Amino acid sequence: HAHAHARTIEQASTHISTDSTYTHDRHTMSGSEETSQELKVKSLQGLLKWSATQEGTSPKGDGPVVLDKERQAFLATVLKQLAAGAVEEIHQVFAVVSAPGESEKELEGKVNALNHLHELIEDIDNASDFMKIGGAGICYAAIKSTHEPLQYAALGCLAAAAQNNPQVQADLHKSDLIDRLNVILAGPAASPGAAAGVHTRAVHALSCEIRGQPELVQAWSDGEGPAILAKLIASIKAPSSRFMVKVANMLSFLPVDYPGIRTVAVDSGLLAALLTFVTPDEVDDAVWEHTTRALVRLVQDCAPAATLLSEHCIADTIRRRQTEVARRPEEDQEGLAEEKAYAAALLALLPP
């Protein structure tokens, strides 16, 4: 994939600003010495060394890791095939994100650089290559920042890299991404604005990391993750519709990958927390649709979950919602079809 990676990085370089914010800690390029292959090798080696340190410094306090043979081989291939400005561009991103500067302009530059990287790694091949050249370490450094837009951008990169990419999911798991996301989700209660966005983006990154991989769902389920997420939900007085949809969407798919999550959701308080999304005051149709779907899948074949829902009188809430939906204009009914189907299925699963 080195050709594709080089081509995509080179294309991206035409979009990234040449403002001094992006060129912090770079040498002035003049003459053949500064533009030589030797300098490019040094630049990429520096990126890999720093990134590996970030990947190895987990919330558990582990030390830095050593570059594996696959990365070393990939580095050699990249250096042979990348076009003239490609390694310089990679080093530019490395320098921006790892630089110590915290001025408003420097932070803006870091956010913009990560946003451009996000675009690159939406391609599965580029995501795999980006991981090999240190993308995880770049993002791990950024999510430790106290600057919320920088955290948000880095979480987006991690989500984009992991989504529908089993190898990247496995690699990120080895470097403790789940633990890192738990740290963010266990942080201060979200409030309207950027902090709420960070928690929402962290849930999305978690979903992309574990979804479709039963062993990863179990790893999250067996750890502190469900209890942390339940506590976060309870701490938010007025969660955004987007946050609720992201949480409910993730929880609707996890039982498919790992049925054991059902009893864990009951025991950890996560199922009870999810019920707070569907109240008589909730008016967002997307929240209702995604949450009723999640409830159906969490209750299936799980008597304790069905009992919990009955204790919370969820059937009465669902029936009131059904009455309200039935009063909607005829032209709205098609868009509500899935929610109505999930609501009917949920009522059928509950004790009489």
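Residues numbered from 1 in each chain as written. Predicted model: local features only at pLDDT ≥ 70, side-chain atom pairs only at ≥ 80, totals over all residues. Heavy atoms only, no water.

Draft legend 1. Quick look at the pattern of salt bridges. One pass over the full model with this rule turns up 7 salt bridges. With a closest N to O distance of 2.9 Å, aspartate 285 and arginine 328 form a salt bridge. Here the residue aspartate 285 occupies a position in helix α18 (residues 285–299), and arginine 328 occupies one in the loop between α20 (314–326) and α21 (330–333), the gap between them amounting to 43 residues. A relative accessible area of 28% places aspartate 285 in the partly exposed class. In this structure, arginine 328 engages glutamate 324 in a salt bridge whose closest nitrogen and oxygen atoms are separated by 2.9 Å. In this structure, a network of salt bridges that share partners links the residues Asp285, Arg321, Glu324, Arg328 and Glu339. (Salt bridge = Lys/Arg side-chain N within 4 Å of Asp/Glu carboxyl O. Helix = DSSP H or I, 4+ residues; strand = E, 2+ residues; numbered from the N terminus. Buried < 20%, exposed > 50% of the residue type's maximum accessible area, 1.4 Å probe, protein only.)

Draft legend 2. The arrangement of helix α19 (residues 303–311) in detail. Ala305, Ala306, Leu308 and Leu309 are the residues of α19 that are buried. The arc that holds the buried residues of α19, viewed along the axis, is 160°, so those residues lie on one side. Counted as exposed and oriented over 90 degrees from the buried face of α19: Ala303 and Glu311. Positioned one or two residues after α19, cysteine 313 has a phi angle of 55°, which is positive. (Arc of directions from axis to C-beta.)

Draft legend 3. Inspection of the packing of aromatic side chains at higher detail. Following the criterion strictly, the structure yields 0 aromatic pairs and no others. Between arginine 201 and the ring centre of tyrosine 152, over which it is positioned, the NZ or CZ distance is 3.8 Å. (Phe/Tyr/Trp six-rings, centres within 6.5 Å; stacked < 30°, edge-to-face > 60°. Lys NZ or Arg CZ within 6 Å of the ring centre and 35° of its normal.)

Draft legend 4. Spatial organisation of the packing of helix α13 (residues 214–222) against helix α15 (residues 241–257). For the pair α13 and α15, the least separation of the axes is 9 Å and the interaxial angle reads 115°. On the basis of their axis angle, the class for α13 and α15 is roughly perpendicular. Of the two elements, α13 crosses α15, and the hand of that crossing is left-handed. Contacts between α13 and α15 involve Pro214, Val217 and Trp220 on the former and, on the latter, Met250, Leu254 and Asp257. Of the residues assigned to the contact of α13 with α15, the class counts are 5 nonpolar, no polar and 1 charged. (Axes fitted to C-alpha atoms, helices over the stretch in contact; angles between N-to-C directions. Parallel < 35°, antiparallel > 145°, perpendicular 65-115°, else oblique. Left-handed = near helix turned anticlockwise from the far one by under 90°. Contact = heavy atoms within 4.5 Å. Nonpolar A, V, L, I, M, F, W, Y, C, P; charged D, E, K, R; others polar.)

Draft legend 5. Summary view of the side chain of serine 221. Tracing the chain through its elements places serine 221 in helix α13. With residues up to four places along the chain from it excluded, the contact list for serine 221 reads Pro226, Tyr258, Ile261 and Val264.

Draft legend 6. Representation of the nonpolar core within the structure. Formed by 88 residues in total, the largest nonpolar core has its most connected members in Leu114 and Trp220. The leading source of residues in this core is helix α9 (residues 148–162), at 10 residues. (Core = buried A, V, L, I, M, F, W, Y, C linked by side-chain atoms within 4.5 Å.)

Draft legend 7. Quick peek at unusual backbone geometry. Residue asparagine 164 is not a glycine yet carries a positive backbone phi of 55°. Of note, the phi angle at cysteine 313 is positive, near 55°, even though the residue is not glycine. In this fold, cysteine 313 is placed in the loop between α19 and α20. On the accessibility criterion, cysteine 313 (42% relative accessible area) is partly exposed.

Draft legend 8. The state of the cysteines, seen in detail. Summed over all chains, the structure comprises 0 disulfides. Between cysteine 139, a cysteine without a disulfide, and cysteine 157, which holds the nearest cysteine sulfur, the sulfur-to-sulfur distance is 4.5 Å. Under the relative-accessibility criterion, cysteine 139 is labelled buried at 2%. (Disulfide = S-S within 2.5 Å.)

Draft legend 9. Main features of the environment of alanine 113. Tracing the chain through its elements places alanine 113 in helix α6 (residues 104–120). Exposure remark for alanine 113: the relative accessible area of 0% places this residue in the buried category. Measuring from C-alpha to C-alpha, the distance between alanine 113 and valine 93 comes to 6.1 Å, with 20 residues separating the pair along the chain.

Draft legend 10. Representation of α18 within the structure. Look at α18: 21 Å from first C-alpha to last across 15 residues, which is about the 21 Å you get at 1.5 Å a residue. Along α18, the residues classified as buried are Val287, Trp288, His290, Thr291, Thr292, Arg293, Ala294, Leu295, Val296, Leu298 and Val299. Those residues of α18 that are buried are in contact with α15, α16 (261–268), α17 (270–275), α19, α20 and α22 (337–349). Immediately downstream of α18, the backbone of aspartate 301 shows phi near 55°, a positive value. (Expected span 1.5 Å × (residues − 1).)

Any link to function would need more than the numbers given here.
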